[in-house]
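Observations on chain architecture
Chain residues, written in single-letter form:
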Amino acid sequence: AQSVTQPDIHITVSEGASLELRCNYSYGATPYLFWYVQSPGQGLQLLLKYFSGDTLVQGIKGFEAEFKRSQSSFNLRKPSVHWSDAAEYFCAVGGGSNYKLTFGKGTLLTVNP
Amino acid sequence: DGGITQSPKYLFRKEGQNVTLSCEQNLNHDAMYWYRQDPGQGLRLIYYSQIVNDFQKGDIAEGYSVSREKKESFPLTVTSAQKNPTAFYLCASSMEAARGIHGYTFGSGTRLTVV
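The sections below set out a description of the structure shown in this document.

Each value, and the rule that gives it
Residues numbered from 1 in each chain as written. Chains lettered and ligands numbered in written order. Predicted model: local features only at pLDDT ≥ 70, side-chain atom pairs only at ≥ 80, totals over all residues. Heavy atoms only, no water. Pairing = 2+ DSSP bridges. Helix = DSSP H or I, 4+ residues; strand = E, 2+ residues; numbered from the N terminus. Contact = heavy atoms within 4.5 Å. Buried area = accessible area lost by both parts, 1.4 Å probe. Salt bridge = Lys/Arg side-chain N within 4 Å of Asp/Glu carboxyl O. Patch = residues over 30% accessible without salt bridge, like charges linked within 9 Å, V, L, I, M, F, W, Y side chains within 5 Å. Areas by Shrake-Rupley, 256 points an atom, 1.4 Å probe, with all protein chains shown as cover. Axes fitted to C-alpha atoms, helices over the stretch in contact; angles between N-to-C directions. Disulfide = S-S within 2.5 Å. Buried < 20%, exposed > 50% of the residue type's maximum accessible area, 1.4 Å probe, protein only.

Let's shift gears to the pairing of strand β6 (residues 44-50) of chain A. Residues and elements named next belong to chain A. With six bridges connecting them, strand β5 (residues 32-38) and β6 associate as antiparallel partners. Paired with L33 across the two strands is Y50, which belongs to β6. The turn joining β5 and β6, which pair antiparallel and follow one another in sequence, is formed by five residues; a positive phi near 70° is taken by G41.

Structure (structure tokens):
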């Protein structure tokens, strides 16, 4: 069965600092991987996705993520965090004929001024 | 603009009552999904539907029911059998139901509170 682990429940960074959110997945074949962001009381917005090709993918709002098959990871990064990036971030995995996505439990990001 | 509309945004229900959450999409997506979100538990799949007139149980279907009579609509009924219904409910849809490579589009959610 597919699964996603986000090891960090809550991360606090200062505005302007770099950010890396960790995501580890379990999937038996080539995975499709996604990062979503959720502001309080809102739905989820897709930040970026990977399903083939270049293992470094660029997304919206200056985010990027790198797929590392050997480590079963898909970590999200941003060079310089803005206060507006404070939100909850979810990693998800799916793939092949299984269209269902499995989500991690999320990482809450707090940004200090 | 295309998207998913969930209504209402806030819903209050008395114990023992059934309540229906609406989800409508105009994206021409084949598949639709219902998730429940509780603090610290991420998103848990309740039901999903790949095509009209067909749906399958997800991981936590007990106490819930759905219908898919139209491609655009996938309403969720929270029945009185659901023991702890207070939660944030998210509806989503996707194209290419057999692959899902484009990910999901989410609605803005309905917060249900049992009073």
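Let's shift gears to the interface of chain B and chain A. On the side of chain A, 22 residues touch chain B, which itself brings 25 residues to the contact. Together, I101(B), Y104(B) and F106(B) form the three largest contributors to the area buried by chain B at its contact with chain A, with a combined 26%. Run the count over chain B and chain A and you get zero salt bridges. Among the elements of the structure, β4 (31-38), β5 (42-49) and β9 (87-94) of chain B are those that each provide at least two residues to the side of chain B that touches chain A.

Okay, a nonpolar patch on the surface next. Residues Y10(B), F12(B) and V115(B) make up a contiguous nonpolar surface patch of roughly 380 Å² in combined accessible area. Turning to its location among the elements, F12(B) is positioned in strand β2 (residues 10-13).

Further remarks concern the sheet that holds strand β3 (residues 19-25) of chain B. Residues and elements named next belong to chain B. Pairing within the open sheet is antiparallel, and its four strands lie in the order β1-β3-β8-β7. The sheet is open, and its two edges are formed by β1 (4-7) and β7 (64-66), each paired on a single side. The mean angle between the axes of side-by-side strands here comes to 20°, regardless of whether they run parallel or antiparallel. Pairing of β1 with β3 involves four bridges; the strand directions are antiparallel. The residue of β3 that forms the bridge with T5 is E24.

Okay, the state of the cysteines next. In this structure the tally under the stated criterion is two disulfides over all chains. A sulfur-sulfur separation of 2.0 Å characterises the disulfide bridge that pairs C23(A) with C91(A). With the S-S dihedral at roughly -65°, the linkage between C23(A) and C91(A) falls on the left-handed side. With C23(A) in the loop between β3 (19-21) and β4 (24-26) and C91(A) in strand β10 (residues 87-95), this pair connects stretches of sequence that are 68 residues apart. Comparing C23(A) with C91(A) shows no difference in burial state: the two are buried. The partner cysteine of C23(B) in its disulfide is C91(B), sulfur to sulfur 1.9 Å. Disulfide C23(B)-C91(B): torsion about the S-S bond near -75°, hence left-handed. One end of the pair, C23(B), is in strand β3; the other, C91(B), is in strand β9, with 68 residues separating them in the sequence. Note on accessibility: C23(B) and C91(B) belong to one class, buried.

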